[in-house]
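# A look at the structure
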Amino acid sequence: MTTVRTFTATAAETRALGDRLARLLCAGDLLVLSGDLGAGKTTFTQGIGAGLGVRGDITSPTFVISRIHPSLVGGPALVHVDAYRLPSTGEFDDLDLDAYLDEAVTVVEWGNGIAEGLAGDRLEIELTRAHGDEQGETRTLTITAAGSRWQGVDLGAALSLGTTA
């Protein structure tokens, strides 16, 4: 596994980082997002949606659990899932996400410990903010690449990150 860490100072920078990451993504890619409430998971996903050129506003699917955003540019759709309100892994399995895995980019917010079983190849992305800084927008993003899909991909260089390993 390869891990890179970077920082964003504003919500716009967090979105822009998601947009840059989208350029590396293709159908079948799984991203598992974790982090504190309000840490920027949906903001980051908005950037991914923009970079993929998908239809619809990217908003938190907390109450609907998942949304599918079709591509407007002939690329993969974005499946955006929020596992926060799911009481069990059984209910997560009931979403039948593996039916979409091969043809879409799948982003699972609050997926840590529940979504990794969907694919051995994935990006695990933790977004955190400094505790006690609820008003600030500075975020730390720790991106861990798992599986052969990401071997040889220099995420730091590809995303133009000022990274620390």
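I will try to describe carefully the structure that is included in this document. These figures come from a predicted structure and were not determined experimentally.

Because an α-helix completes one turn every 3.6 residues, residues spaced three or four positions apart along the sequence face the same direction. Given a rise of 1.5 Å per residue, twelve residues ought to cover 16 Å, and the 17 Å separating the end C-alpha atoms of helix α1 (residues 11-22) matches this to within 8%. Along α1, the positions that sit buried rather than exposed are Thr 14, Leu 17, Gly 18, Leu 21 and Ala 22. All buried residues of α1 lie within an arc of 145° about the axis, which places them on one face of the element. Looking at the packing, one finds that the buried side of α1 touches β1 (2-8), β2 (30-35), α2 (41-52), β6 (122-129) and β7 (139-146).

This part takes up the layout of surface pockets. As a volume, the largest pocket reaches approximately 150 Å³. Lining of the largest pocket is provided by 13 residues; of these, Leu 37, Thr 42, Ser 60, Glu 109 and Trp 110 occupy positions nearest its centre. Here the element with the most residues in the lining of the largest pocket is α2; it accounts for three residues.

For the rest of this paragraph, the subject is the nonpolar core. Within the largest apolar cluster, 25 residues are counted, with the highest numbers of intra-cluster contacts made by Leu 21, Leu 31, Phe 44, Ile 48, Leu 123 and Ile 125. Put simply, the parts of the chain that give this core at least two residues each are α1, β2, α2, β5 (104-109), β6 and β7. Sequence-distant contacts of Leu 21, that is, excluding residues within four places in its chain, are made with Leu 31, Phe 44, Ile 48, Leu 123, Ile 125 and Leu 159. Ranked by size, the runner-up nonpolar core spans eleven residues in total, among them Leu 30, Val 79, Val 108 and Ala 115.

Attention now goes to the environment of Gly 75. With respect to the helices and strands, Gly 75 occurs in the loop between β3 (66-69) and β4 (77-82). On a C-alpha basis, the gap between Gly 75 and Leu 25 in space is 9.9 Å, while along the polypeptide they are 50 residues apart.

Under the defined criterion, the tally for this structure stands at three salt bridges. Residues Arg 23 and Asp 19 are paired through a salt bridge, measuring 3.7 Å at the closest nitrogen-oxygen approach. Classification of Arg 23 as exposed rests on a relative accessible area of 62%. Across the pair Asp 29 and Arg 149 runs a salt bridge, and its minimum N-O distance is 2.9 Å. With Asp 29 in the loop between α1 and β2 and Arg 149 in the loop between β7 and α4 (155-158), the pair connects residues that are 120 residues apart, well separated along the chain. Asp 29 gets classed as buried once you look at its relative accessible area, which sits at 4%. You can call Arg 149 partly exposed: its relative accessible area is 25%.

Calculation rules
Residues numbered from 1 in each chain as written. Predicted model: local features only at pLDDT ≥ 70, side-chain atom pairs only at ≥ 80, totals over all residues. Heavy atoms only, no water. Helix = DSSP H or I, 4+ residues; strand = E, 2+ residues; numbered from the N terminus. Expected span 1.5 Å × (residues − 1). Buried < 20%, exposed > 50% of the residue type's maximum accessible area, 1.4 Å probe, protein only. Arc of directions from axis to C-beta. Contact = heavy atoms within 4.5 Å. 1 Å grid on protein atoms, 1.4 Å probe; cavity = no way out; pocket = protein on both sides within 12 Å on 5 of 7 lines; lining within 4 Å. Points joined across faces, edges and corners; volume = space filled by probe spheres on them. Core = buried A, V, L, I, M, F, W, Y, C linked by side-chain atoms within 4.5 Å. Salt bridge = Lys/Arg side-chain N within 4 Å of Asp/Glu carboxyl O.

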